[in-house]
Amino acid sequence: MFETRSGEKLLETDPAEMPPDGHVVFIGRIASPWTTRETCPKNMKAARETEQPAVLTIDLPYRQGLLGLERASHVIILSWLHHAPRTLIVQKPRHAAEPKGVFSLRSPARPNPVGLHIARLVALDIDTGRIDLDAIDVLDGTPVIDIKPYFASTDAIADATIAGRDEPGQVGSGQEGPGVVR
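All values derive from a computational prediction rather than experimental measurement.

Here the focus is the sheet that holds strand E1 (residues 9-10). Spatially, three strands are ordered E1-E5-E6 in an open sheet, and the strand pairing comes out antiparallel. This sheet does not close on itself; its edge strands, each paired only once, are E1 and strand E6 (100-101).

In structure tokens, the structure reads:
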């Protein structure tokens, strides 16, 4: 599912083969229209542009945890990107001139393949554990590890930047971020 590109580096040990230390459990699954990596949107913006909704179903033992979530217009979903490789530590994105460390990218390939998605909450049924979302950028059947309400007052950072990104309000290319130590 992931090809190795020039300049990429792998970890010596696959994290999936290490003893567990966090006891993370899946609390539900996402039903999405995406069944292949090639058709799946690369981010939530692209997912919304398809106008394809998604459904998250919470497993029975965790459904009472949804009480009060109906107050939120948007939710943060943490998913487990179970098809992603876990050994790729330096990646060479197709759009990048140079390889980059996994922690400077939003790629699903990472030691702990946790996905972060902010979606609009369309409908919620606590009895069935069904959460209807405006969109999602994961493959059908992706496990969910957590859900949180999105608070614009504390979660949105209007002046956040990434050096070299061509976005309104972003700092110019080639500048180092704060606190960079090599």
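Residues Leu 56, Leu 69, Ile 77, Ile 131, Leu 133, Ile 136 and Ile 147 are the most contacted members of the largest nonpolar core, which totals 24 residues. If you list the elements that add at least two residues to this core, you get helix H1 (44-50), strand E3 (54-58), strand E4 (74-80), strand E7 (114-125), strand E8 (130-133) and strand E9 (142-149). With near-sequence residues (within four places) excluded, Ile 131 lies in contact with Ala 54, Val 55, Leu 56, Ile 58, Leu 66, Leu 69, Leu 121, Ala 123, Leu 124 and Ile 147.

Topologically, His 117 is positioned in strand E7. Among the polar contacts listed, one links the side chain of His 117 to the side chain of Ser 79, at a separation of 2.7 Å. Every residue in contact with His 117, bar those within four places of it in the chain, is listed here: Met 44, Val 75, Ile 76, Ile 77, Ser 79, Ile 136, Asp 137 and Val 138.

Attention shifts here to the environment of Leu 116. In this structure, Leu 116 sits in strand E7. Between the alpha carbons of Leu 116 and Ala 54 there is a distance of 15 Å; along the sequence they are 62 residues apart. With residues near it in sequence (within four places) discarded, Leu 116 still touches Ile 76, Ile 77, Leu 78 and Arg 106.

All right, on to the packing of aromatic side chains then. The full count for this structure, using the stated rule, is one aromatic pair. Look at Phe 26 and Trp 80: their rings are 6.4 Å apart centre to centre, the planes differ by 45°, and that puts the pair in the tilted class. Highlighted residues: Phe 26 in the loop between E1 and strand E2 (28-31) and Trp 80 in strand E4, separated in sequence by 54 residues.

Below, the discussion takes up the sheet that holds E3. Note on sheets: strands pair through backbone hydrogen bonds, and any given pair is parallel or antiparallel. Here we have six strands rolled up into a closed barrel, ordered E2-E3-E8-E7-E4-E9, and antiparallel in their pairing. Going from strand to strand, the sheet's axes swing by 45° on average, the running direction of each strand aside. As paired strands, E7 and E8 are joined by four bridges and run antiparallel to one another. Among the inter-strand pairings, Ala 123 is bridged to a residue of E8, identified as Asp 132.

Thresholds applied
Residues numbered from 1 in each chain as written. Predicted model: local features only at pLDDT ≥ 70, side-chain atom pairs only at ≥ 80, totals over all residues. Heavy atoms only, no water. Pairing = 2+ DSSP bridges. Helix = DSSP H or I, 4+ residues; strand = E, 2+ residues; numbered from the N terminus. Core = buried A, V, L, I, M, F, W, Y, C linked by side-chain atoms within 4.5 Å. Buried < 20%, exposed > 50% of the residue type's maximum accessible area, 1.4 Å probe, protein only. Contact = heavy atoms within 4.5 Å. Polar contact = N/O pair within 3.5 Å; in protein donor to acceptor, adjacent residues only side chain to side chain. Phe/Tyr/Trp six-rings, centres within 6.5 Å; stacked < 30°, edge-to-face > 60°. Axes fitted to C-alpha atoms, helices over the stretch in contact; angles between N-to-C directions.

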